[in-house]
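Overview (structure and organization)
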Amino acid sequence: MTPRPLTVGFDLDMTLIDSRPGIHATYLALAERTGTYIDADLAVTRLGPPLAEELVHWFPAERIAEVSDLYRAMYPEIAIAATPAMPGAREAIAAVRGAGGKSVVVTAKYEPNALLHLSHLGMAPDAVVGDLWAEQKAVALREHAADAYVGDHVGDVRGARRAGALSVAVATGPCSAEELRAAGADVVLADLTELPAWLTAYREGTYREGGYREGGYREDASRA
């Protein structure tokens, strides 16, 4: 029997894209538009959760829906061009495709804006699912039969584990490598530049838990 293709899920913010510049600029514009103070420097240190979870720090609960809609409407003009790809992002998606696999982006970001980012940066995953956070991501990961999910936040680890997928964490977001491991990540990489080598080891069956750490793949001493 021919095995089914490998499917790898990816988070978006701080995994595939460095969304800090664009989000920072959008928060500043939102503050000016609404006359409400927002500490944009602080906000971009805790990216990952849904927009509403950040806005509650600055706006009363009854205004969150209104301000969320305003933010999302302002976002494309301000944030898309200001947001670069993370190192190794394009190569990571290409590595999955080169292995005959499929990639799916599962993100808490508003899906139309997620699609704009990927199009602008020339990244073309096989599917994109937005508006899902933490354990909610398991719904999409199961639907796409993801074997692994790559993300930078402990919420991404929880989503992968809920879906029964391998949790591959990258220490490029607000959560440290230690926090990601403590949350239950199966693999911790420094960034996506390390993913192609890990993917090769995983597919060849030479990956061993604990053998992949920041700084690149290394096999356990017992295999030396």
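Quick look at the structure, then. (Residues numbered from 1 in each chain as written. Predicted model: local features only at pLDDT ≥ 70, side-chain atom pairs only at ≥ 80, totals over all residues. Heavy atoms only, no water.)

**Observations regarding the overall build of the protein chain**
Selection rule: For helices the rule is a DSSP run of H or I covering at least 4 residues; for strands it is a run of E covering at least 2, with both sets numbered from the N terminus onward. By definition in these notes, contact holds between two residues if any of their heavy atoms fall within 4.5 Å. Using a 1.4 Å probe, accessible areas were evaluated by the Shrake-Rupley method; residue-level cover was limited to the displayed protein chains.
Helix and strand counts for the protein chain stand at 10 helices and eight strands. Residue pairs in contact within the protein chain that sit at least 24 positions apart in sequence constitute 57% of those at least 6 positions apart. Taken as a whole, the protein chain presents about 10100 Å² of accessible surface, with 51% of it coming from carbon and sulfur.

**Section: the pairing of strand β1 (residues 7–10)**
Working note: regular strand, side chains alternate between the two faces of the sheet. Our working definition: Partly exposed residues are those whose accessible area sits between 20% and 50% of the maximum for their type, while under 20% is buried and over 50% is exposed, using a 1.4 Å probe and protein chains only. Only strands joined by at least two bridges in the DSSP assignment are considered to pair.
Burial along β1 is two-sided: the face carrying Thr7 and Gly9 and the face carrying Val8 and Phe10 are both buried. Pairing of β1 with strand β2 (residues 102–106), which is carried by four bridges, proceeds in the parallel orientation. For Phe10, the partnering residue across the bridge sits in β2 and is Val105. When β1 meets strand β4 (residues 148–151), the two strands line up parallel, connected through three bridges. By the bridge assignment for β4, Gly9 is matched with Tyr149.

**So, the pairing of β4**
Using the following cut-off: Convention used here: a crossover is right-handed provided that the path from the first strand, over the helix, to the second strand proceeds clockwise when the strands point away from the viewer.
With burial as the criterion, each face of β4 is covered, one bearing Ala148 and Val150 and the other bearing Tyr149 and Gly151. Note on the crossover from β4 through helix α8 (residues 154–163) to strand β5 (residues 166–170): the handedness is right-handed.

**Focus: helix α6 (residues 111–120)**
The criterion, for reference: Here, the arc refers to the directions that run from the helix axis to the C-beta atoms.
Within α6, the full set of buried residues consists of Asn113, Ala114, His117 and Leu118. Taken end-on, α6 shows its buried residues confined to a sector of 140 degrees, consistent with a single buried face. Residues of α6 that are buried sit in contact with α4 (64–79), β2 and β3 (127–129).

**What about α4?**
To keep it simple, the criterion reads: The reported bend at a residue is simply the angle between two axes, fitted to the 7 residues ending at it and to the 7 residues beginning with it.
Approximately 30 degrees is the largest bend angle found in α4, and it occurs at Ala73, with the proline Pro76 only one to four residues beyond. Taken together, the buried positions of α4 are occupied by Ile64, Val67, Ser68, Tyr71, Met74, Tyr75 and Ala79. For α4, the secondary structure elements touched by its buried residues are α1 (20–34), α3 (51–55) and α6.

**Some details on the nonpolar core**
Here is a general trend for soluble globular proteins: nonpolar side chains tend to be buried in one another's company. Note the cut-off: Think of a nonpolar core as a cluster: buried Ala, Val, Leu, Ile, Met, Phe, Trp, Tyr and Cys residues, connected wherever their side-chain atoms sit within 4.5 Å.
In this structure, Phe10, Leu16, Met123, Val150, Val168, Leu192 and Leu195 are the most contacted members of the largest nonpolar core, which totals 28 residues. Put simply, the parts of the chain that give this core at least two residues each are β1, α5 (89–98), α6, β4, β5, β6 (187–189) and α10 (195–204). Here this core takes four residues from α5, the largest share from any one element. Setting aside residues up to four positions removed in sequence, Phe10 forms contacts with Leu16, Ala92, Ile93, Val96, Ser103, Val104, Val105, Val106, Tyr149, Val150, Leu192 and Leu195. Counting 22 residues, the second-largest nonpolar core is a separate cluster that includes Leu55, Val67, Met74 and Tyr75.

**Comments concerning the packing of α4 against α6**
Rules: Axis definition: a line fitted to C-alpha atoms, limited for helices to the stretch in contact. Angles are taken between N-to-C directions and run from 0 to 180 degrees. By the definition adopted for this analysis, an angle is roughly parallel if under 35 degrees, roughly antiparallel if over 145, roughly perpendicular if from 65 to 115, and oblique otherwise.
Contact geometry of α4 with α6 gives a least axis separation of 10 Å together with a crossing angle of 10 degrees. Judged by the inter-axis angle, α4 sits roughly parallel to α6. Contacts between α4 and α6 involve Arg72, Tyr75, Pro76 and Ala79 from the first element and Asn113, Leu116 and His117 from the second.

**Observations concerning the sheet that holds β1**
Hydrogen bonds along the backbone pair up the strands of a sheet, which may run parallel or antiparallel. Ordered in space as β3-β2-β1-β4-β5-β6, the six strands form an open sheet in which the pairing is parallel. At either end of the open sheet lies a strand with only one pairing partner, and these are β3 and β6. When strand polarity is set aside, the average angle formed by the axes of neighbouring strands in this sheet is 20 degrees. Two elements, β2 and β3, share three bridges in a ladder whose sense is parallel.

**Here's the deal with the packing of α5 against α10**
Just so we agree on the cut-off: Crossing handedness is read from the near helix: turned anticlockwise from the far helix by less than a right angle, it gives a left-handed crossing, and turned clockwise, a right-handed one. Three categories are distinguished: nonpolar for Ala, Val, Leu, Ile, Met, Phe, Trp, Tyr, Cys and Pro, charged for Asp, Glu, Lys and Arg, and polar for the others, with Gly belonging to the last.
Interhelical geometry of α5 versus α10 gives an angle of 20 degrees and a closest axis separation of 9 Å. Between α5 and α10, the crossing angle belongs to the class labelled roughly parallel. In this structure, α5 meets α10 at a crossing whose hand is right-handed. From α5, Glu91, Ala92, Ala95 and Val96 reach across to α10, where they touch Leu195, Pro196 and Leu199. Looking at the contact of α5 with α10 residue by residue, the class counts come to six nonpolar, no polar and one charged.

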